[in-house]
Amino acid sequence: SQQGEEDPQALSIQEGENATMNCSYKTSINNLQWYRQNSGRGLVHLILIRSNEREKHSGRLRVTLDTSKKSSSLLITASRAADTASYFCATNSGGYQKVTFGIGTKLQVIP
Amino acid sequence: NAGVTQTPKFQVLKTGQSMTLQCAQDMNHEYMSWYRQDPGMGLRLIHYSVGAGITDQGEVPNGYNVSRSTTEDFPLRLLSAAPSQTSVYFCASSYSQGSSGANVLTFGAGSRLTVL
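Here goes a summary of the coordinates provided.

## Details of the overall build of chain A
The helix and strand tally for chain A stands at 0 helices and 11 strands. Starting at the N terminus and walking to the C terminus, you meet the elements of chain A as β-β-β-β-β-β-β-β-β-β-β. Rg of the C-alpha trace for chain A: 13 Å, near the compact-globule value of 13 Å for 111 residues, within the 12% margin. The principal-axis extents of the C-alpha atoms in chain A amount to approximately 40 × 30 × 20 Å. Once local pairs closer than 6 in sequence are excluded, the contacts in chain A between residues at least 24 apart make up 55%. Looking at chain A, you have 13 positive and 9 negative side-chain charges, and the mean spots of the two groups are 7 Å apart.

Take a look at the structure:
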């Protein structure tokens, strides 16, 4: 079964707007990652946040983690058409070599 | 640096046929894994390996075999293909980052398999 569930499953915004995606997970984690997948391609790692961190930034990306609520959010600021992709959260728990993915959020940024 | 290379990119099989999806990485990563991606279900872990000679099952291992004789290669074998195995398959490699066990994956481009 999936460890993470993203919300919403699909999101359509205008270029320049901010996009927020949420991820909820079920069990305790060591860390949480976000990946991007462009259509027909493999996944690309975006950002990792450890369980003892609450917020992390990378360029236009901001990730928050609330371990008490077992949830994370990914914010993309000033979105661009090139941000159109599917975004997945992934978690490590217990055996760290097992990385479990959610079902993803499909983001469309309209020029 | 090629990263993770998967072959073939596309394959059509008939029910009952066998085949091997190849995966190779040139980053000297300890860990390798196979996922399948189906619409509405995200990525599900099939098998993974923590080093040469060591493999273990993931979430959906039935119908698949793996082996890891070298650090570089991690082939996925379908012994008797079934229509339920129609999917896009991704190989990934990684190494552990520090004591927290962070495991950042590098993915291949995927192999699209259709079983008729």
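## A word on the nonpolar core
Residue and element names in this part refer to chain A. Formed by 21 residues in total, the largest nonpolar core has its most connected members in Met-21, Leu-32, Trp-34, Leu-74, Ile-76, Tyr-87 and Leu-107. Broken down by secondary-structure element, the contributors of at least two residues to this core are strand S3 (19-25), strand S4 (31-37), strand S5 (43-50), strand S7 (61-66), strand S8 (71-76), strand S9 (85-92) and strand S11 (105-110). In terms of residue count, S3 provides more of this core than any other element does, 4 residues in total. Not counting the four nearest positions on each side in its chain, Leu-74 is found in contact with Ala-19, Thr-20, Met-21, Trp-34, Leu-46, Leu-61, Arg-62, Val-63 and Tyr-87.

## Observations concerning the pairing of strand S1 (residues 4-7) of chain B
Residues and elements named next belong to chain B. Residues of S1 alternate between two faces, with Val-4 and Gln-6 buried on one and Thr-5 and Thr-7 left unburied on the opposite face. In the sheet, S1 pairs with strand S3 (residues 19-25) via 4 bridges, with the strands oriented antiparallel. Residue pairing for S3: Thr-7 is matched across the bridge by Gln-22.

## Some details on the state of the cysteines
Per the stated rule, a full pass over the model turns up 2 disulfides over all chains. At a sulfur-sulfur separation of 2.0 Å, the disulfide partner of Cys23(A) is Cys89(A). Looking along the S-S bond of the Cys23(A)-Cys89(A) disulfide, the torsion reads about 65 degrees, which is the right-handed sense. Of this pair, Cys23(A) sits in strand S3 while Cys89(A) sits in strand S9, placing them 66 residues apart in sequence. Cys89(A) matches Cys23(A) in its accessibility class, with the two residues each being buried. Note on cysteine connectivity: Cys23(B) is disulfide-linked to Cys91(B), with sulfurs 1.9 Å apart. Between Cys23(B) and Cys91(B) the disulfide shows an S-S torsion of about -75 degrees. By sign, it is left-handed. You can see Cys23(B) sitting in strand S3 and its partner Cys91(B) sitting in strand S9 (residues 87-97), a full 68 residues away along the chain.

## Examining the side chain of Ser73(A)
Mapping Ser73(A) onto the fold places it in strand S8. Among the polar contacts made by the side chain of Ser73(A), one reaches the side chain of Thr64(A) at a distance of 2.6 Å.

About the thresholds
- Residues numbered from 1 in each chain as written.
- Chains lettered and ligands numbered in written order.
- Predicted model: local features only at pLDDT ≥ 70, side-chain atom pairs only at ≥ 80, totals over all residues.
- Heavy atoms only, no water.
- Helix = DSSP H or I, 4+ residues; strand = E, 2+ residues; numbered from the N terminus.
- Rg over C-alpha atoms; globule rule 2.2 N^0.38 Å.
- Contact = heavy atoms within 4.5 Å.
- Lys, Arg positive; Asp, Glu negative; His and termini not counted.
- Charge placed at Lys NZ, Arg CZ, Asp CG, Glu CD.
- Core = buried A, V, L, I, M, F, W, Y, C linked by side-chain atoms within 4.5 Å.
- Buried < 20%, exposed > 50% of the residue type's maximum accessible area, 1.4 Å probe, protein only.
- Pairing = 2+ DSSP bridges.
- Disulfide = S-S within 2.5 Å.
- Polar contact = N/O pair within 3.5 Å; in protein donor to acceptor, adjacent residues only side chain to side chain.

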